Amino acid sequence: MNSFQSKLPEVGTTIFTIMSSLAVEHNAINLGQGFPDFMMSEELTGLVSKAMNNGFNQYTHMNGFPLLRERIAEKVEKLYQTKINPEAQITVTPGGTYAIYTALTTVLNKGDEVIVFEPAYDSYIPNIEINGAKAVRISLQFPDYSIPWNEVQQSITANTRMIMINTPHNPTGAVLTENDIEQLRKIVAGTNILILSDEVYEHLIFDNLQHQSILRYPDLLERSFVCFSFGKTYHCTGWKLGYCITSPELMKEFRKVHQFNCFSCDTPKQVALAEYLQNEEAYKTLGSFIQQKRDYFRKLMQATPFTCIPSHGSYFECYSYDFTNEADKDLAIRLTKEYGVASIPVSVFYKNGEDNHVLRFCFAKKEETLLEAAERLQKIK
Ligand code: PMP
Ligand code: GLN
């Protein structure tokens, strides 16, 4: 076989797999990779069985089961007061990660620059680079992880093709405000800069904050790919189903890439979700349900040597430490092996490995899991 050049020479295995494998190996409680350990809605799993038994087992439309797209559009209008055309503006995807990759692949060319904020979800930069584009990295301001908009303005060049935002933010739980959106609008006004808005945690927002979806702003939606995940919304990360919303023009191009990658997604789950989406209660109560877990975990963590960096959304809360000089990666490994609690070291979300001595913990777990994990962490010396 001829040797070939890696397209991603600097990329190893994702931290989520590394930490989950280590957790299994050491029988540790896994507060690393973000997935719930409680049951998802039985009503929703029942609807999937019903769809299968009713014969919805063949390919559905490549853009997504039509009724599901209609229901998504209805939900968007209710939540964000924006009318979306389900025919032309929504495509169902196998997860949020795929939606992001497809959006980037749709528009990026060699030499393009993409502004990305670090700590950044780990797929963003490899997704940019595999398309021959360059990630222009800007650090969020520690410790509140806000966006330094002046620096963003100064980083714009003739090659800037896109700005990527993520709210609520993984790994930090930071949430963008109306003022952030205003700053973003000022920066992109009069340019051809596109936006990718990763909103997989749209419903997992706390403290009575309002989710600043790009979908609220039709002028920005024109130039944005907005990406969602049913896995996060309905506590079924293993379903790998999500969707992308954008303008009709951009969606036409997005679908050219999508149709020859996966073509269409899981039919019975889409049929089930089309029905379940009508249940407004189910998504309106998600924020308070998960906030209770954050509050419970935060309280327990007060008895550990960690310092909370408050999260306002997502499945995660970050905690800094100064009881040791160890690098965050080393500490995360040691806590897994010696104390039986896995977490995610936040330095992995910086390309240059910036280490502020912060670990990310996933609190989307049963109370008994969180209690046991915190009791173990309380023993740290
Ligand atoms: N973006 C962020 C910020 C995430 O945390 C995740 C993980 N769920 C995704 C995208 C991808 O979601 P999915 O599992 O649906 O691919
Ligand atoms: N989004 C999840 C997290 O941040 C993990 C997804 C994955 O494992 N790729 O933990």
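See above for the structure.
Here we summarise the structure given alongside this text. Sequence order sets the numbering: in each chain, residues are counted from 1 along the sequence as written. Whichever chain is written first becomes A and whichever ligand is written first becomes 1, with later ones labelled in order. Under the rules for a predicted model, residues below a pLDDT of 70 receive no local features and side-chain atom pairs below 80 are neither given nor counted, while totals for whole chains, interfaces and linings still include all residues. Side-chain measures here rest on the full set of heavy atoms in the structure, leaving out hydrogens and waters.

Right, let's get into the pattern of salt bridges. Whenever a carboxyl oxygen of Asp or Glu lies within 4 Å of a side-chain nitrogen of Lys or Arg, that contact is scored as a salt bridge. Overall, the coordinates contain 19 salt bridges when judged by the stated rule. One salt bridge in this structure joins K351 and E129, with 2.6 Å as the shortest N-O distance. Taken as a pair, K351 in the loop between β12 (344-345) and β13 (358-362) and E129 in helix α6 (residues 124-129) lie far apart in primary sequence, 222 residues in all. The classification of residues rests on relative accessible area computed with a 1.4 Å probe and restricted to protein chains. Under 20% of the type maximum is buried, over 50% is exposed, and intermediate values are partly exposed. What makes K351 partly exposed here is its relative accessible area of 38%. By relative accessible area, E129 is classed as partly exposed at 28%. Counting from the N terminus, the helices are DSSP H or I runs at least four residues long and the strands are E runs at least two residues long.

So, about the site of ligand 2. With respect to spatial proximity, the complete set of residues near ligand 2 consists of F16, Q33, G34, Y121, N170, Y201, K232, F316 and R360. In protein, a polar contact means a hydrogen-donor-capable atom and an acceptor-capable atom, both N or O and within 3.5 Å, with residues adjacent in sequence counting only if both atoms are side-chain atoms; elsewhere, any N or O pair within 3.5 Å suffices. In this structure, G34 approaches ligand 2 through a main-chain N or O atom, which is 2.7 Å from an oxygen atom. A distance of 3.4 Å separates a nitrogen atom of ligand 2 from a polar atom in the side chain of Y121. Taken by itself ligand 2 offers 300 Å² of open surface, and the protein chains cover 78% of this. Residues are grouped as follows: nonpolar covers Ala, Val, Leu, Ile, Met, Phe, Trp, Tyr, Cys and Pro; charged covers Asp, Glu, Lys and Arg; every other residue, Gly included, is treated as polar. Residues of the shell around ligand 2, tallied by class, amount to four nonpolar, three polar and two charged. One heavy atom suffices: a residue is near a molecule or strand as soon as one of its heavy atoms comes within 4 Å of it. With residues, only the protein chains shown are counted as cover, and all accessible areas are computed by Shrake-Rupley using a 1.4 Å probe.

Within strand β6 (residues 194-198), five of the five residues are buried, which leaves the element mostly enclosed by the surrounding structure. A pair of strands is considered paired only if DSSP assigns at least 2 bridges between the two. Examined bridge by bridge, strand β5 (residues 160-166) and β6 share five bridges and lie parallel to one another. Directly across from M162, in β6, lies its bridge partner L194. By convention a crossover is right-handed if, when the strands point away from the viewer, the path from the first strand over the helix to the second runs clockwise. Read from β5 through helix α8 (residues 178-188) to β6, the crossover connection turns out right-handed. Sheet topology note: the β6/strand β7 (residues 224-229) ladder contains four bridges and is parallel. Across the sheet, the residue bridging to L196 is F225, located in β7.

Ordered in space as β9-β10-β13-β12, the four strands form an open sheet in which the pairing is antiparallel. The strands lining the two open edges of the sheet, one partner per strand, are β9 (307-309) and β12. Of the pairings in the sheet, the one linking β12 to β13 comprises two bridges and is antiparallel in character. Across the sheet, the residue bridging to I344 is R360, located in β13. On top of the sheet, helix α15 (residues 328-339) reaches β12 and β13; it is set at about 45 degrees to β13, its chief contact. In this description, contact between two residues means that some pair of their heavy atoms is separated by no more than 4.5 Å. Note on method: axes are straight lines fitted to C-alpha atoms, helices fitted across the in-contact stretch only, with angles between N-to-C directions ranging 0 to 180 degrees.

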